[in-house]
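Each chain, written out:
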Amino acid sequence: ALTGFQAPKILWLRDEEPAAYARVARVLLPKDFVRLRLTGEYATDASDASGTLLLDVRRREWSDELLDALSIRREWLPDVYESPQRAGRLLPTIAASLGLPAGLPVAAGGGDNAAAAIGTGIVRAGAVSVSLGTSGVVFAHRDEFASDPSGRVHAFCHAVPGAYHLMAVTLAAGASLRWWQEIIGHDASYETLTAAAATVPPGAEGLLFLPYLSGERTPHRDPSARGAFVGLTARHSAAHLTRAVMEGVAFSLRDGLEIMRGFGTALTEVRATGGGARSTVWRQIVADVLGVPVRRTLAEEGPAYGAALLGGVAAGIYADVAAACAVVRLRDEIEEPDDARRRVYDGYYNVYRALYPAMRGAMHRLDALTHAMK
């Protein structure tokens, strides 16, 4: 149960703002509030509802057991649809203000990562998406439900009707590189930084970076985790530190992927999305660290493109999600993993994995000292 889920927020409102809580009549996720304004309908979809902590994910409907345990009223929650289902039509007054036809079908839609998976064609076993946005996400399609009892990775409903997905989250992926850019100066563009990183050998000559700048979700579930450069020597330059940041994010993504592999997740190809995926250097690092080819889609905006495809199914343009995803096109370039670099990264990854358990106590003491000063 993570603080970012909707159920803990409802309980926070109950405990911290009881007057506001007493006025609650309905509870909606952000996109579903937009739908309410567009159509007048209270609705959500199974993929987004999975992140509320109130859904019986296997049955794809609200959990009476959880609602009873948390004293949350069922009538507060909207009906749950599959993502490509029609969940309302555009109201005439809204249609007129938008210049769109009245009665236009509005799809149930999806959560951001589930929609991104539609936009990148992750609708079958074997293909996995990796998002290098502000956060990093590894998303794997599954035909059947499988969960991680420890909660290291999320097991949610997919935007594909009846399907599921596993998802690992790195809280600071692109955010780590942005932080580093701000440290060394805004005049250094991302292109300049990554070009310099490309001149440094894999492993950054014995330098590792822990990307826990905002705590960490997968696999540690630790808000008190701290970031760190480990292995610094006098020979390390800014280019070394930049490469270490990029490699540290790739290692954190591998953490999630290794857990998924433990659940029998097949992996033949990675499709990269997000701003960081525009970097050829970073894509090659990810390919070498994960040991699988990395490709990109022609469409840059995976979530928005996926949402549009779901809308196309709801409007009858496509027969189903599979037919909609048939229009997803991949770029010609492929970053293939290099066996020699992979072996180097395997060694560094083993050291990387050992660092958090060794440093966890110190991280938590530093966190406690920081809060004591506030």
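Sequence order sets the numbering: in each chain, residues are counted from 1 along the sequence as written. Whole-chain, interface and lining totals are the exception, using all residues; otherwise, since this is a predicted model, local features are given only for residues with pLDDT of at least 70 and side-chain atom pairs are given and counted only at 80 or more. To get the side-chain values, take all heavy atoms of the structure and skip hydrogens and water.

1. As for the overall build of the protein chain
Here is step 1 of the chain: If you tally the helices and strands in the protein chain, you get 14 helices and 14 strands.
Here is step 2 of the chain: Seen through its C-alpha atoms, the protein chain measures out along the principal axes to roughly 65 × 55 × 45 Å.
Here is step 3 of the chain: Within the protein chain, the fraction of its 374 residues that count as buried is 51%.
Here is step 4 of the chain: Pairs at least 24 residues apart make up 71% of the contacts formed inside the protein chain by residues separated by at least 6 positions.
Here is step 5 of the chain: Once the 39 positive and 41 negative side-chain charges of the protein chain are each reduced to a mean point, those two points are 1 Å apart. Every helix listed is a DSSP run of H or I at least four residues long, and every strand listed is a run of E at least two residues long, numbered separately from the N terminus. The cut-offs for exposure are 20% and 50% of the maximum accessible area for each residue type, with area from a 1.4 Å probe on protein chains only; residues under the lower value are buried, those over the upper are exposed, and the others partly exposed. It only takes one pair of heavy atoms within 4.5 Å for two residues to be counted as in contact. When charges are counted, Lys and Arg contribute as positive and Asp and Glu as negative, whereas His and the chain ends are disregarded. Each charge is placed at NZ for Lys, CZ for Arg, CG for Asp and CD for Glu.

2. As for the packing of aromatic side chains
Here is step 1 of the chain: Only Phe, Tyr and Trp rings are paired, with Trp represented by its six-membered ring, and only when their centres lie within 6.5 Å; those with planes under 30 degrees apart are stacked, over 60 edge-to-face, the remainder tilted. Scanning the model with the defined rule gives 13 aromatic pairs in all.
Here is step 2 of the chain: Between the aromatic rings of Phe251 and Tyr352, the centroid separation amounts to 5.3 Å while the plane-to-plane angle is 45 degrees, which identifies the pairing as tilted. Of this pair, Phe251 sits in helix H10 (residues 238-262) while Tyr352 sits in helix H14 (residues 339-372); the two residues are 101 residues apart in sequence, bridging distant segments of the chain.
Here is step 3 of the chain: What makes Phe251 buried here is its relative accessible area of 1%.
Here is step 4 of the chain: One aromatic cluster in this structure is built from Trp179, Trp180, Phe209 and Phe229.
Here is step 5 of the chain: Throughout this description, the term charge over a ring refers to an Arg CZ or Lys NZ atom that lies within 6 Å of the ring centre and within 35 degrees of the ring normal. Geometry around Tyr42 places Arg26 over its ring, the cationic atom sitting 3.8 Å from the centre.
Here is step 6 of the chain: The cationic tip of Arg60 hangs over the ring face of Tyr164; the distance from NZ or CZ to the ring centre is 5.0 Å.

3. Observations concerning unusual backbone geometry
Here is step 1 of the chain: Look at the link from Thr218 to Pro219: it is a cis peptide, with omega at 0 degrees.
Here is step 2 of the chain: Counting through the fold element by element, Pro219 comes out in the loop between strand E11 (208-210) and strand E12 (228-230).
Here is step 3 of the chain: Residues other than glycine seldom take positive phi values, yet Leu53 does so here, at roughly 75 degrees.
Here is step 4 of the chain: Along the polypeptide, Leu53 turns up in the loop between helix H4 (46-49) and strand E2 (55-56).
Here is step 5 of the chain: Unlike most non-glycine residues, Arg221 shows phi in positive territory, near 50 degrees.
Here is step 6 of the chain: The residue Arg221 is located in the loop between E11 and E12 in this model.
Here is step 7 of the chain: The partly exposed category is assigned to Arg221, whose relative accessible area is 43%.

4. Examining the nonpolar core
Here is step 1 of the chain: Among the nonpolar cores identified, the biggest contains 53 residues, and Val138, Trp282, Ile285 and Leu290 are the most heavily contacted of them.
Here is step 2 of the chain: Setting aside residues no more than four positions away along its own chain, Leu290 makes contact with Val130, Ala250, Leu253, Arg254, Leu257, Arg261, Val270 and Arg342.
Here is step 3 of the chain: Buried Ala, Val, Leu, Ile, Met, Phe, Trp, Tyr and Cys residues that are joined via side-chain atoms within 4.5 Å together make up what is termed a nonpolar core. Ranked by size, the runner-up nonpolar core spans 17 residues in total, among them Val27, Leu67, Trp76 and Cys157.

5. Structural notes on the packing of helix H11 (residues 280-290) against H14
Here is step 1 of the chain: H14 packs onto H11 with a crossing angle of 75 degrees between their chain directions and a minimal axis gap of 8 Å. Taken as axis vectors, H11 and H14 run roughly perpendicular relative to one another. Residues Gln284, Ile285, Asp288, Val289 and Leu290 of H11 form the contact with H14, whose participating residues are Arg341, Arg342 and Tyr345.
Here is step 2 of the chain: Each residue receives one of three labels: charged for Asp, Glu, Lys and Arg, nonpolar for Ala, Val, Leu, Ile, Met, Phe, Trp, Tyr, Cys and Pro, and polar for the others, Gly being one of them. By residue class, the composition of the contact of H11 with H14 is four nonpolar, one polar and three charged. Helix axes are fitted to C-alpha atoms over the stretch in contact, other axes to C-alpha atoms as well, and angles between N-to-C directions run from 0 to 180 degrees. Roughly parallel means an angle under 35 degrees; roughly antiparallel means over 145; roughly perpendicular covers 65 to 115; every other angle is labelled oblique.

6. Considering a nonpolar patch on the surface
Here is step 1 of the chain: By definition, no residue in a patch forms a salt bridge, and every one has over 30% relative accessible area; like charges are joined within 9 Å, nonpolar side chains (Val, Leu, Ile, Met, Phe, Trp, Tyr) within 5 Å. For the accessible areas, the method is Shrake-Rupley and the probe is 1.4 Å, while residue cover comes only from the protein chains on display. A carboxyl oxygen of Asp or Glu within 4 Å of a side-chain nitrogen of Lys or Arg is what we treat as a salt bridge. On the surface, a cluster of nonpolar side chains totalling about 250 Å² of accessible area is made up of Leu98, Leu100 and Leu104.
Here is step 2 of the chain: Among the structural elements, Leu100 can be located in the loop between helix H6 (92-98) and strand E6 (105-107).

7. As for the environment of Arg178
Here is step 1 of the chain: Here Arg178 is to be found in helix H8 (residues 174-184).
Here is step 2 of the chain: Spatially, the C-alpha atom of Arg178 lies 34 Å from that of Leu11, the residues being 167 residues apart in sequence.

8. Concerning empty space enclosed by the protein
Here is step 1 of the chain: The method works on a 1 Å grid over the protein atoms by themselves. A cavity is a set of points holding a 1.4 Å probe that cannot get out, a pocket is an open set with protein on both sides within 12 Å along at least five of seven lines, and residues with an atom within 4 Å of a point line them. Grid points are joined across faces, edges and corners, and a volume is the space filled by probe spheres set on the points. The final tally for this structure, using the stated rule, is two cavities of 30 Å³ or more.
Here is step 2 of the chain: Of the pockets and cavities examined, the largest cavity occupies roughly 60 Å³.
Here is step 3 of the chain: Around the largest cavity sit Ala272, Thr273, Gly274, Ala277, Arg296, Thr297, Ala299 and Glu300, which together line it.
Here is step 4 of the chain: In the lining of the largest cavity, the residues fall into three nonpolar, three polar and two charged.
Here is step 5 of the chain: Its volume calculated, the second largest cavity comes out at about 40 Å³.
Here is step 6 of the chain: Tallied by class, the residues present in the lining of the second largest cavity amount to six nonpolar, three polar and one charged.

9. A word on the pairing of strand E8 (residues 136-142)
Here is step 1 of the chain: Judged by how many residues are buried, E8 sits mostly within the fold: seven of seven residues are covered.
Here is step 2 of the chain: Alternating residues of E8 divide into Gly136, Val138, Ala140 and Arg142 and Val137, Phe139 and His141, and every residue in both groups is buried.
Here is step 3 of the chain: Bridge analysis of strand E7 (residues 126-132) against E8 gives five bridges, and the strand direction is antiparallel. By the bridge assignment, Ser131 is partnered in E8 with Val137.
Here is step 4 of the chain: Hairpin connection between E7 and E8: a loop of three residues separates the two successive antiparallel strands.
Here is step 5 of the chain: Two strands are said to pair when DSSP picks up at least two bridges between them. As judged from the seven bridges shared by E8 and strand E10 (residues 164-170), these two strands associate in the antiparallel manner. Paired with His141 across the strands is His165, a residue of E10.

10. A few points about the layout of surface pockets
Here is step 1 of the chain: Of the pockets and cavities examined, the largest pocket occupies roughly 900 Å³.
Here is step 2 of the chain: Along the wall of the largest pocket there are 37 residues; nearest its centre are Asp48, Gly111, Asp112, Asn113 and Met167.
Here is step 3 of the chain: The element contributing the most residues to the lining of the largest pocket is helix H7 (residues 112-119), with four residues.
Here is step 4 of the chain: Each pocket or cavity is described by its volume, and for the second largest pocket that value is around 560 Å³.
Here is step 5 of the chain: Along the walls of the second largest pocket sit 23 residues, with Ala1, Phe5, Leu53, Ala155 and Phe156 positioned nearest its centre.
Here is step 6 of the chain: When residues of the lining of the second largest pocket are traced back to their parent elements, those giving at least two are E2, helix H5 (64-70) and strand E9 (154-157).
Here is step 7 of the chain: In terms of residue count, the dominant contributor to the lining of the second largest pocket is E9 (three residues).
Here is step 8 of the chain: Tallied by class, residues from the lining of the second largest pocket come to 13 nonpolar, six polar and four charged.

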